[in-house]
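Listed below, chain by chain, are the residues.
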Amino acid sequence: MSGGFEGIVTETKEKYESQICYIEGVRCWAEEARFGGIVIETMINDDFSNH
């Protein structure tokens, strides 16, 4: 069973469907953690092919 997570665009309050997000201008990848919570990793390059 998975709880999932939801992204919201701060300025418009619209749902954001991608797991790619930007935190203080840094491109990141967000995903649900195995035992709850959210894991956010910075994306060092645009390839990031392991996701």
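Throughout what follows, the structure given in this document is the object of discussion. (Residues numbered from 1 in each chain as written. Predicted model: local features only at pLDDT ≥ 70, side-chain atom pairs only at ≥ 80, totals over all residues. Heavy atoms only, no water.)

**What to know about the overall build of the protein**
Which entries qualify depends on this criterion: A run of DSSP states H or I qualifies as a helix once it reaches four residues; a run of E qualifies as a strand once it reaches two. Both are numbered from the N-terminal end. Using a 1.4 Å probe on the protein chains alone, a residue whose accessible area is under 20% of its type maximum counts as buried, one over 50% counts as exposed, and one in between counts as partly exposed. We call two residues contacting when some pair of their heavy atoms lies within 4.5 Å. The protein chains shown are the only cover counted for residues, whose accessible areas, like all others here, come from Shrake-Rupley with a 1.4 Å probe.
When helices and strands are tallied, the protein shows zero helices and five strands. Across the 51 residues that make up the protein, the buried fraction comes to 16%. A separation of at least 24 residues holds for 13% of the contacts in the protein among residues at least 6 apart in sequence. Counting only carbon and sulfur atoms, one obtains 51% of the accessible surface of the protein, whose full area is about 4,500 Å².

**Things to note about the state of the cysteines**
The condition is simple: When the sulfur atoms of two cysteines come within 2.5 Å, that pair is taken as a disulfide.
This structure, assessed with the given rule, holds zero disulfides. The closest cysteine sulfur to the non-disulfide-bonded Cys21 is located on Cys28, 5.0 Å from its own sulfur.

**Topic: the pattern of salt bridges**
The following threshold applies: Whenever a carboxyl oxygen of Asp or Glu lies within 4 Å of a side-chain nitrogen of Lys or Arg, that contact is scored as a salt bridge.
In total, this model carries one salt bridge according to the counting rule given. Between Lys15 and Glu6 there is a salt bridge, and its shortest N-O distance comes to 3.3 Å. Grouping residues by exposure puts Lys15 and Glu6 together as exposed.

**Thoughts on the sheet that holds strand β3 (residues 20-23)**
Convention followed: Strand pairing is defined by DSSP finding a minimum of two bridges between the two strands. Note on definitions: angles span 0 to 180 degrees between N-to-C directions of axes, and those axes are lines fitted to C-alpha atoms, for helices only across the stretch in contact.
Here three strands make up an open sheet; going across it, the order is β3-β4-β5 and the pairing antiparallel. Each edge of the open sheet carries a strand with a single partner, namely β3 and β5 (38-42). Averaged over all pairs of adjacent strands, the angle between strand axes in this sheet comes to 40°, irrespective of strand direction. Across five bridges, the pairing between strand β4 (residues 26-32) and β5 is antiparallel. Paired with Ala30 across the two strands is Ile40, which belongs to β5.

**A short note on a nonpolar patch on the surface**
Here is the rule we go by: Like charges within 9 Å and nonpolar side chains (Val, Leu, Ile, Met, Phe, Trp, Tyr) within 5 Å are joined into patches, using only residues over 30% in relative accessible area that form no salt bridge.
Among the surface-exposed residues, Phe5, Ile23, Ile38 and Ile40 lie close enough to one another that they form a single nonpolar patch of about 330 Å² accessible area. The class of Ile23 is partly exposed, set by a relative accessible area of 37%.

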